[in-house]
Amino acid sequence: MPTPPTTRPEWTIPIDPALQAELEKHVLVTSWDELLGVVDTIYNWGRRSALWPLGFGLACCGIEMICTASSRFDIARFGAEVFRGSPRQADVMIVSGTVTKTMMPMIARLYDQMPEPKYVISMGACASGGGPFKEGYNVVSGIDKFLPVDVYVPGCPPTPQALLNGLIALQRKIDGERLDIPALGRKGNTPWYDPEVDRDIPVPVFGPDLIDVRTLELTAERAAAGLLDAREAALPRPALIPAPRPEAPGPAPDAAAEPSPAPAAEQRAMSKIELIRARSRGEAVPGASAPTSAGKPAARPSKKLKVAPARPSLVWLGDEGLAELASRLDAELGSGTATIVRAALLVPAEKLLDVAFFLRDRNPIRYDYLASLQSVHYEDCIEVNYHLDSTARPGSLIELRVRTAEAEGAGEVPSVISVWPGADFQEREVFDMMGVRFAGHPNLTRILMWEGFAYHPLRKDYLEPYYEAPAKVFPSRIDDGQGQHRRAEELNPFGSNVKIPRSFSGWDRLDPAADVKGAGRMPEGTGVDVQELDTDQFVLSIGPQHPSTHGVFRMNLRVDGETVVGLKPVMGYMHRNHEKIGERNTFLMNFPFTDRLDYFTSMLNNFGYALAVEQLMGDDAKVPERAEYIRVIMAELNRIASHMWSIGFLLNDLGAFFTPALYAIEERELILDLFEWAAGSRMMCNYFRFGGVAFDLPPGWLDRCRAIVSDRLDRKIDELDRLLSENEIFKDRSRGVGLLSREQAIAYSAAGPVLRASNVPYDIRRAAPYSIYDRFDFEVVTGTGCDVYDRYYVRLLEMRESVRILKQALRDLPEGPILPGKKSYQIKVPAGEAYSRVENAKGELGFYVVADGGPTAYRYHVRSPSFINLTALETMCLGHTVADVVGILGSLDIVLGEVDR
Amino acid sequence: MNDGTRRDGQGVFGPVGSAIWAVLGLWPFGRGMIAGHLITMRRFLRTFTVGHGATTRRRGGGDLPVDLWWRRPEHHRGSIVDQDAGTEGLFTVEYPDERLPTRERFRVLPMLLYDEEDGSVRCTSCNICAKVCPPQCIWMVQAKDARGKVVPLPEEFYIDMDVCMNCGLCAEYCPFDAIKMDQNFELSNYERHQSHVYSLQDLLVSSAYYARTHPEAWASAEEQAERDKVARKKEQRLRKAREAASLAPEPEPAGA
């Protein structure tokens, strides 16, 4: 519409209408509203330029959030550097990472405590919609189920630049805000300061599952109607396989000739028939289960089932040694004590403690180190198995098996905590996940889920709320008549990731104020002598969102004055159901999930998982030379990156606020650049494949890597050394703090720098060499101080050793293929059992895999060093002050993605 | 190893530093802290003086402090800062004015390619991407013609970005080079329920875009061979169609 030229009386010359419009829009004030608009602008400008984020990170995205605040990306340029420890001082909450059910009540409380105006940035796929862990039973399908979200930042994880992009988007949103001024009758567009509106988020309650109190009645009604049971009845269920049987007498060689897996194969065929029956029943229900969803068993006939050679791990005692050990046990403790089952000793439960004591104290090889403890749900029993190693003769790994009743809650096994105290958390985990009780365990409570959670989720008969099929690919994705996008929420009758048993009746006893997670974990006084003042004892809860707990970790401290007299770790706030999801994934699919275990060391996690499956695949996955070198290069680069971060943040914990961390992060960033260049992502590399690596190194990569390794890293490690190692304050804060004696470290199954700082030269790269580590010349660094300082210093020296290995590997890197054959997504893994061990930056990372010949792992367990290192935390902290506890925790270098998995 | 043989602050400042250190050597306490402070001070000074980060060069146009005002360059718009082994001084990359280099393999979300020349979608809806997708974020429906015969094209294709874990397995195992990983990370938005489920239309990008963002992969022998294969097939089909057409029209004018 053409505008006539306008003139105003005060202007003598006619003005160009376009200019007039521009002026009215931006310069001239023509109404009260516009005058206030100027106020709006100033107001919004002030608000957008000083967004103070709440300083808590949830998972992998949290690390990228911290990187955003570090020197390279410098969120301070946006006025947002003031990460607040308290929600009362913050006005933007960056929900960075997977929101678990265990953590959700805490997040709701934090949000409620933030003063208005408050904004929420949902960072990453998990926070937005559940992300890759959405199918897990402990994951909230998007933070927007509870909080109002202002900006979503897609990505997994979003890079720091992407987060800055999100921050700019939030600023743009704030720019559009209009103030509400009732006195002038002006209606704004912001919801803030409205007394009519109750903006508090009701804190969800821990019941048999996480219950949103806003939908309590509806949930109760639907639970009572048993809608979920009806849905599950129509779905194919995972098939169970029988436990391996004892071998026939006579020496059976490693090869597949042994009889034990044969019944397994037969049984699998049986169960397949059953499954087909189930499927035909399922098909009677309209549209319920689809044809290809017949479940776990592969479509191949079972006679072709390949069986991997029986051995617990690549480096172990050996068949003869094991036979000798079995006969020795029989001779010492009565016949029938030990039966060899698939290269491991099957021990009756009632003799377990005798055997354990014998192995630890009287056997020629002293099995003093409990490497790993896990459980498998078989058709006829639940098996708890123990991997033992000797620190005096490393590499003589053996496996013990103990079997107990399969029925839920019926199983009981004697606790080995009196022999190996490191079994503490691992037994609690088995109790939590499988429902096996451990007789004699002093505090057998749930560790990852909460007391009152209705299920034992790793049992094969537990189906997650979003369960679709025992193995991927899920039928809804591609099959005939399907393939339309449906959110998992639509499948579940509760409309969210909730599963409540029909029989649950305690609806009126649910209490949002109850501390269900921490209540059973109140530390008792442990007899620490406190002399200074006549102070009272009280319990202090640190975490789970405390900035110095390195993630969502919580400690219940009992303090007398300021002295710690008791400490109980409370964890599970980051439990993302890695193992359950791992049993649904095909072997290949699991790689990117391992990236997200210890998200600082994705290359090392890939390494461990690749080794476990390669151990089963044998020569089908023989790694070519070049790939071996590339693997080592990536692993050592990653170790340096992780140690850099760890040292920086240890100093942060001790009060050297951010200077060392910023220096160290610079080197980490340069290494992450290399990862992004070669693998495609800074943190979630997903770079290893069975038998090699995903891609060859890109052109120019090696030059950059060589330059960084030979010209830069040594110099920077020196600088860090000079900056910190002789610093008097640092020495005062760390020497003699957090003592863990040599014997204690071994007994508590500590691993990695924590173990080596207690003067135990135990490094998996030497103790049980994997890949090509036997070719490199490097030292296993140990310390004698057994304290925080030595853990720091061992890490520093280990970085030097890593640089040494890198120089050798980069020198010798041969040309050649990077995979043994053609790349294929169909991986055939023979039936069998494998436990692989790699030296992660945090310690021994183990992957325990039971394969049944199908496309997925039957059981998949991660021996996580961060988790087990925490067992010794209380011992280390007793008698110190709260400030020291933070430093001691920092010296353990835990990563919650790995602690809680 | 705690035998006190650690190096102290020498060598940080070269000969001058050694001289300072010789004097400090007489100082009885706090030597470690002083050495640390010297390192911090050195870092601080170098922030403004060396490398890419040299403030005057970066903010201004030359090496001298006066250049901050004297020779102000055009403010950089999205210029790429590649930090290599020699990076010293100021480490910050000032997004959005500057950016880190985007590596070719850098992956964010998947995208589907269509051919630049004729607009044909490369995807044949073979389902392999959905079969390897770890979090199962891909849904697809195969196209069917009027008679219900399967056509090698996707009818519908959805990727739920709130489930996708950016792992790149779909792109890695796609036999037709149809699904690739996009490098665009600037995806922030204010809503997820409508905009985070990408449909076929949202996912499609032209092969020219891909060739631009992934030059190495585009030029690689494997992708070249795949493109040639597809081109040959197209050629064949076209020839057949032409033959059919050249046979068909003849009776037409006769009939007319």
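What you see is a predicted model, and the numbers here were worked out from it, not measured in a lab. (Residues numbered from 1 in each chain as written. Chains lettered and ligands numbered in written order. Predicted model: local features only at pLDDT ≥ 70, side-chain atom pairs only at ≥ 80, totals over all residues.)

Caption draft 1: View of the overall build of chain A. Secondary structure assignment for chain A yields 30 helices and 20 strands. Taken over the C-alpha trace, chain A has a radius of gyration of 29 Å; the compact-globule value for 901 residues is 29 Å, and the two agree within 12%. Across its three principal axes, chain A shows a C-alpha extent of roughly 115 × 75 × 70 Å. Every one of the 901 residues in chain A was classed for burial, and the buried ones make up 57%. Of the contacts formed within chain A by residues at least 6 apart in sequence, a portion of 73% connects residues at least 24 apart. (Helix = DSSP H or I, 4+ residues; strand = E, 2+ residues; numbered from the N terminus. Rg over C-alpha atoms; globule rule 2.2 N^0.38 Å. Buried ≥ 20, exposed ≤ 12 C-beta atoms within 10 Å, placed from the backbone. Contact = placed C-beta atoms within 7 Å.)

Caption draft 2: The arrangement of the packing of helix 21 (residues 701-724) of chain A against helix 26 (residues 788-812) of chain A in detail. Residue and element names in this part refer to chain A. At a minimum axis distance of 10 Å, the contact between helix 21 and helix 26 shows a crossing angle of 165 degrees. With respect to helix 26, the element helix 21 is oriented roughly antiparallel. Judged by the sense of rotation from one axis to the other, the crossing of helix 21 with helix 26 is left-handed. Contact residues: helix 21 offers Cys 705, Arg 706, Val 709, Ser 710, Leu 713, Asp 714, Ile 717, Leu 720 and Asp 721, while helix 26 offers Leu 796, Met 799, Arg 800, Val 803, Leu 806, Lys 807 and Leu 810. (Axes fitted to C-alpha atoms, helices over the stretch in contact; angles between N-to-C directions. Parallel < 35°, antiparallel > 145°, perpendicular 65-115°, else oblique. Left-handed = near helix turned anticlockwise from the far one by under 90°.)

Caption draft 3: Broad picture of the interface of chain B and chain A. Taken together, the contact pairs 69 residues of chain B with 77 residues of chain A. Listing elements by their share of the side of chain B that touches chain A, those giving two or more residues are helix 2 (31-49), helix 5 (128-132), strand 4 (138-144), strand 5 (150-160) and helix 6 (169-173) of chain B. When the residues that make up the side of chain B that touches chain A are grouped by side-chain class, the tally is 35 nonpolar, 15 polar and 19 charged. (Nonpolar A, V, L, I, M, F, W, Y, C, P; charged D, E, K, R; others polar.)

Caption draft 4: A look at the environment of Glu 94 of chain B. In this structure, Glu 94 of chain B sits in the loop between strand 1 (79-80) and strand 2 (98-99). Sequence separation between Glu 94 of chain B and Ser 79 of chain B is 15 residues; the distance between their C-alpha atoms is 9.6 Å.

Caption draft 5: Examining helix 21 of chain A more closely. Maximum bend of helix 21 of chain A: about 45 degrees, positioned at Arg 712 of chain A. Every buried residue of helix 21 of chain A is accounted for by Cys 705, Ile 708, Val 709, Leu 713, Ile 717, Leu 720, Arg 722, Leu 723 and Leu 724 of chain A. On its buried side, helix 21 of chain A packs onto helix 19 (625-653), helix 20 (659-679), helix 22 (728-734) and helix 26 of chain A together with helix 2 of chain B. (Bend = angle between axes of the 7 residues up to and from the residue.)

Caption draft 6: Layout of the packing of helix 19 of chain A against helix 20 of chain A. Residue and element names in this part refer to chain A. Two elements in contact, helix 19 and helix 20, have axes whose closest approach is 8 Å; the angle formed by their N-to-C orientations is 160 degrees. Of the possible angle classes, the one that applies to helix 19 and helix 20 is roughly antiparallel. The handedness of the crossing between helix 19 and helix 20 comes out as left-handed. The residues of helix 20 that touch helix 19, namely those facing Leu 637, Ile 640, Ala 641, Met 644, Trp 645, Ile 647, Gly 648, Phe 649, Leu 651 and Asn 652, are Pro 660, Ala 661, Ala 664, Ile 665, Glu 667, Arg 668, Ile 671, Leu 672 and Leu 674. Here the contact of helix 19 with helix 20 is built from residues that sort into 15 nonpolar, two polar and two charged.

Caption draft 7: Highlighting the UniProt feature "domain: NADH:ubiquinone oxidoreductase 30kDa subunit" (unreviewed entry) in chain A. In the numbering adopted here, UniProt assigns the feature "domain: NADH:ubiquinone oxidoreductase 30kDa subunit" (unreviewed entry) to residues 346-462 of chain A. Here residues 346-462 of chain A runs as 20% helix and 26% strand, with 27 Å between its end C-alpha atoms. (UniProt positions renumbered as here; feature names shortened; annotations may be inferred.)

Caption draft 8: Summary view of the sheet that holds strand 4 of chain B. Residue and element names in this part refer to chain B. Spatial strand order, 4-5-7: three strands in an open sheet with antiparallel pairing. Pairing within the sheet leaves two strands with one partner each, and these edge strands are strand 4 and strand 7 (197-198). With seven bridges connecting them, strand 4 and strand 5 associate as antiparallel partners. Bridge assignment links Ile 138 to a residue of strand 5, and that residue is Ile 159. (Pairing = 2+ DSSP bridges.)

Caption draft 9: Summary view of helix 12 (residues 423-434) of chain A. Residues and elements named next belong to chain A. With twelve residues, helix 12 ought to run about 16 Å at 1.5 Å a step, and its terminal C-alpha atoms sit 16 Å apart, in line with that. Summarising burial for helix 12: twelve of the twelve residues are buried, a large majority. What helix 12 keeps buried is the set Ala 423, Asp 424, Phe 425, Gln 426, Glu 427, Arg 428, Glu 429, Val 430, Phe 431, Asp 432, Met 433 and Met 434. On its buried side, helix 12 packs onto strand 8 (369-377), strand 9 (382-389), strand 12 (437-439) and helix 27 (865-869). Gly 435 occupies a position one or two residues after helix 12 and carries a positive phi of about 80 degrees. (Expected span 1.5 Å × (residues − 1).)

Caption draft 10: Expanded view of the sheet that holds strand 6 (residues 339-341) of chain A. All names here are of chain A. In spatial order, the strands read 6-7-10-9-8; together these five strands make up an open sheet with mixed pairing. The strands lining the two open edges of the sheet, one partner per strand, are strand 6 and strand 8. In this sheet, adjacent strand axes meet at a mean angle of 30 degrees when their direction is disregarded. Of the pairings in the sheet, the one linking strand 8 to strand 9 comprises eight bridges and is antiparallel in character. For Tyr 369, the partnering residue across the bridge sits in strand 9 and is Asp 389. Across the sheet, helix 10 (residues 319-333) lies against strand 6, strand 7 (344-346) and strand 10 (398-404), angled at about 150 degrees from strand 6, the strand it touches most. Against the sheet, helix 12 makes contact with strand 8 and strand 9, and its axis sits at roughly 5 degrees relative to strand 8, the strand it touches most.

Caption draft 11: Representation of the confidence of the model for chain A in the model. Residues and elements named next belong to chain A. Overall, the predicted model of chain A reaches an average pLDDT of 84, with 90% of residues at or above 70. Averaged pLDDT values for the elements of chain A fall to 42 in helix 9 (residues 261-284) and rise to 93 in strand 3 (residues 151-153). When the criterion is pLDDT under 50, residues 250-301 qualifies, and its contacts beyond four places in sequence or with other chains add up to 88 contacts. (pLDDT = per-residue confidence, 0-100.)

Caption draft 12: Broad picture of the environment of Arg 704 of chain A. In this structure, Arg 704 of chain A sits in helix 21. With near-sequence residues (within four places) excluded, Arg 704 of chain A lies in contact with Leu 674 of chain A together with Asp 84 and Ala 85 of chain B.

Caption draft 13: Region of interest: the pairing of strand 3 (residues 110-114) of chain B. All names here are of chain B. Across the five residues of strand 3, five count as buried, placing the element largely inside the fold. Both faces of strand 3 are covered, namely the face carrying Pro 110, Leu 112 and Tyr 114 and the face carrying Met 111 and Leu 113. When strand 3 meets strand 6 (residues 179-181), the two strands line up antiparallel, connected through three bridges. Bridge pairing in strand 6 links Leu 112 to Ile 179. Pairing geometry for strand 3 and strand 8 (residues 204-206), over three bridges, is parallel. Looking across to strand 8, one finds that Tyr 114 is bridged to Ser 206.

Caption draft 14: Here's a closer look at the confidence of the model for chain B. Residues and elements named next belong to chain B. Of the residues in chain B, 78% reach a pLDDT of 70 or more, and the chain-wide mean stands at 79. Per-element confidence in chain B ranges from a low mean pLDDT of 48 for helix 11 (residues 251-255) to a high of 92 for strand 6. Throughout residues 1-11 the model reports pLDDT below 50, and contacts reaching past four residues in sequence, or to other chains, amount to 18 contacts. Interface scoring of the predicted complex returns ipTM 0.85; its pTM is 0.86.

Caption draft 15: Main features of unusual backbone geometry. Residues and elements named next belong to chain A. Cis geometry marks the peptide bond from Glu 116 to Pro 117; its omega dihedral reads -10 degrees. Structurally, the position occupied by Pro 117 is in the loop between helix 4 (104-113) and strand 2 (119-123). Geometrically, the link from Lys 472 to Val 473 is a cis peptide bond, its omega value of 20 degrees lying close to zero. As for its position among the elements, Val 473 is in the loop between strand 12 and helix 13 (475-478).

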